[in-house]
Amino acid sequence: MKRRIFPLAALAACAWNMAAADPAYPSKPVRIIVGYSAGGPTDAVARMVAAHLQTRLGQPFVVDNRAGAGSNIASEAVAAAAPDGYTLLVAAAPLTMNSHVYKNLKFEAARSFEPISKLSSAPGVLAVRTTLGVGSVQEVVALAKKEPGKLTYGTTGLGGSQHMATEMFQKLAGVKLTHIPYKGASNVMTDLIAGHVDMAFMTATGAMPHLQAGKVKPLAVAGPQRLSGLPDVPTFAEAGYPAMISDSWNGLLAPAGTPAAIVQKLHAAAVEALQVPEIRSKLESQGAIVIGSSPAEFRADIQREVAHWAEQFKAIKIDMQ
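The structure reproduced in this document is the subject of the present report. One numbering rule holds for all chains: residues counted from 1, following each sequence as written. Residues qualify for local features only when their pLDDT is at least 70, as the model is predicted, and side-chain atom pairs are given and counted only at 80 or more; totals for whole chains, interfaces and linings, by contrast, use all residues. For side-chain calculations, the full set of non-hydrogen atoms in the structure is used, while hydrogens and water are omitted.

## Here's the deal with the overall build of the chain
No. 1: By the criteria applied, helices consist of DSSP H or I runs no shorter than four residues and strands consist of E runs no shorter than two, each listed in order from the N terminus. When you go through the chain residue by residue, the secondary structure sums to ten helices and ten strands.
No. 2: Restricting the calculation to C-alpha atoms gives the radius of gyration, and the globule rule supplies 2.2 Å times the number of residues raised to the power 0.38. Taken over the C-alpha trace, the chain has a radius of gyration of 21 Å; the compact-globule value for 321 residues is 20 Å, and the two agree within 12%.
No. 3: Expressed along its principal axes, the backbone C-alpha trace of the chain runs to roughly 75 × 40 × 30 Å.
No. 4: Throughout this description, buried means an accessible area under 20% of the type-specific maximum (1.4 Å probe, protein chains only), exposed means over 50%, and partly exposed covers the range between. Relative to its full complement of 321 residues, the chain shows a buried share of 54%.
No. 5: Throughout, a residue-residue contact means that at least one pair of heavy atoms, one from each residue, lies within 4.5 Å. Sequence-distant contacts, at least 24 apart, represent 78% of the contacts inside the chain between residues at least 6 apart.
No. 6: Per-residue and other accessible areas follow the Shrake-Rupley method at a 1.4 Å probe size, with only the shown protein chains counted as cover for residues. Surface exposure of the chain reaches about 14,400 Å², of which carbon and sulfur atoms provide 56%.

Right, dumping it as structure tokens:
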């Protein structure tokens, strides 16, 4: 029988996992890094889950907002952190897109993290400033065709879910809009309310209070059905664009190499958080779908999306400036 020879890296990884899988985890505060500004949809989900993790696991779970570069600043920080469970990431869909947008990233979505759970997903909602003078998708399309390139749209950055949704909309509707990228969804919403940009695809989670209050005008939902919080807003299918689908998810991840025992402990607590009636009802009232997938399911989702977006970025010719 041949004796198996293990590479030193593999042996070191095994030693780290045995040493770091502390049954007392967590024994000090945990940082949850979010790649978007406070007040946005990803931040809202992160703070709800963090509050429960703190109560359930007995240590502070502190949300650390590091907006910018399409969330890459946050992703790179977590990918480079010690795999000990004390630095986590709440990511959004752009995690699987950004390799097609930014050069020389210091992480790979499918290899640099230990997925813990996909927490929730939510459809995009196309909204316009209230002073634009349109009340339907058909009207905004007609206005955009009248003066190509004049209407502006805000997003959370190049190649993100909002940007890709608007690129898809432009292709389906045959219109040309001008892109204004921001650091986070709350910044987009602020300028949309103020009338500094004409429209934006907003993630239902986080944007719902502004949409319901009439501070901006929602035109259509890029999902399979109307949202209970916006019962009078049609889907894009109802507006004549059945192929216009946009989904944004949020998920909890740790650096690659984090011990399985810690990943499982965090997964159990995160899924438990999603079953808390107050958290679940708040997410659902904002148009989110509660998920709570297993680490294996979340990993498969990430791998599938990386492949999907590789094809989409080839199909939709985007000027990455």
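## Points about helix α7 (residues 204-213)
No. 1: When α7 is considered as a whole, its buried residues turn out to be Ala 204, Thr 205, Gly 206, Ala 207, Met 208 and Leu 211.
No. 2: Trailing α7 by a residue or two, Gly 214 shows a phi angle of about 80°, which is positive.

## Examining the pairing of strand β6 (residues 178-181)
No. 1: Direction of pairing for strand β5 (residues 152-155) relative to β6: parallel, over a ladder of four bridges. Paired with Tyr 153 across the two strands is His 179, which belongs to β6.
No. 2: When the strands point away from the viewer, a crossover counts as right-handed if the path from the first strand over the helix to the second runs clockwise. This β-α-β element, β5 to helix α5 (residues 161-173) to β6, shows right-handed connectivity. In this analysis, strands are considered paired if DSSP registers two or more bridges between them.

## Observations concerning the packing of helix α2 (residues 41-57) against helix α9 (residues 277-285)
No. 1: With axes taken as lines fitted to C-alpha atoms, and helix axes fitted only over the stretch in contact, angles between N-to-C directions fall between 0 and 180 degrees. The contact between α2 and α9 brings their axes to 11 Å, and the two run at 175°. The pairing of α2 with α9 is recorded here as roughly antiparallel in orientation. Contacts from Val 45, Met 48 and His 52 in α2 reach Ile 279, Lys 282 and Leu 283 in α9.
No. 2: Residues are grouped as follows: nonpolar covers Ala, Val, Leu, Ile, Met, Phe, Trp, Tyr, Cys and Pro; charged covers Asp, Glu, Lys and Arg; every other residue, Gly included, is treated as polar. Split by residue class, the contact of α2 with α9 holds four nonpolar, one polar and one charged. These descriptions rest on fixed angle ranges, namely under 35 degrees for roughly parallel, over 145 for roughly antiparallel, 65 to 115 for roughly perpendicular, and the rest for oblique.

## Notes on the nonpolar core
No. 1: Nine residue types can take part in a nonpolar core, namely buried Ala, Val, Leu, Ile, Met, Phe, Trp, Tyr and Cys, and a core is a set of them joined through side-chain atoms within 4.5 Å. Grouped together as the largest cluster of nonpolar side chains are 52 residues, with contacts concentrated most on Phe 61, Leu 88, Met 202, Leu 266 and Leu 283.
No. 2: Every residue in contact with Leu 283, bar those within four places of it in the chain, is listed here: Val 45, Met 48, Thr 205, Leu 274, Ala 288 and Val 290.
No. 3: Among the nonpolar cores identified, the runner-up in size contains 24 residues, and Tyr 153, Phe 169, Phe 201 and Leu 219 belong to it.

## Points about the pattern of salt bridges
No. 1: Any Lys or Arg side-chain nitrogen found within 4 Å of a carboxyl oxygen on Asp or Glu counts as a salt bridge. Enumeration over the complete set of coordinates arrives at twelve salt bridges.
No. 2: The residue Glu 238 makes a salt bridge to Arg 226 at a minimum N-O spacing of 2.9 Å. With a gap of twelve residues between them, Glu 238 in the loop between β8 (216-221) and β9 (247-255) and Arg 226 in the loop between β8 and β9 connect regions that are remote in the sequence.
No. 3: You can call Glu 238 partly exposed: its relative accessible area is 49%.
No. 4: The salt bridge partner of Arg 280 is Glu 284, with a shortest N-O separation of 3.3 Å. Here the residue Arg 280 and the residue Glu 284 both occupy positions in helix α9, the gap between them amounting to four residues, near one helical turn.
No. 5: The class for Arg 280 is partly exposed, based on a relative accessible area of 28%.
No. 6: Overlapping salt bridges bring together Arg 31, Asp 64 and Arg 66 as one network.

## Examining the environment of Ala 200
No. 1: Positionally, Ala 200 belongs in strand β7 (residues 199-203).
No. 2: Among the residues examined, Ala 200 registers a relative accessible area of 0% and is labelled buried.
No. 3: Separated by 13 residues in sequence, Ala 200 and Asn 187 have C-alpha atoms that sit 11 Å apart.
No. 4: Those residues within four positions of Ala 200 in sequence are excluded, and the remaining contacts are Val 125, Leu 126, Ala 127, Gly 154, Val 188 and Leu 192.

## Quick word on the side chain of Thr 96
No. 1: As for its position among the elements, Thr 96 is in the loop between β3 (87-92) and β4 (113-129).
No. 2: According to the relative accessible area criterion, Thr 96 is buried, its value standing at 1%.
No. 3: Any N or O atom pair separated by 3.5 Å or less is treated as a polar contact, with the protein-specific requirement of one donor-capable and one acceptor-capable atom, and with residues adjacent in sequence counted only for side-chain atom pairs. Side chain to side chain, Thr 96 and Glu 305 meet in a polar contact 3.1 Å long.
No. 4: Once you skip the residues sitting within four places of it in the chain, Thr 96 turns out to touch Ala 109, Trp 249, Ile 302, Glu 305, Val 306 and Trp 309.

## Some details on the environment of Gln 162
No. 1: With respect to the helices and strands, the residue Gln 162 is situated in helix α5.
No. 2: We classify Gln 162 as buried; its relative accessible area is 4%.
No. 3: For Gln 162, the residues in contact, after removing those within four places along its chain, are Gly 154, Thr 155, Thr 156, Ala 185, Val 188, Phe 201, Met 202 and Thr 203.
No. 4: There is a polar contact of 2.9 Å between the side chain of Gln 162 and the backbone oxygen of Phe 201.

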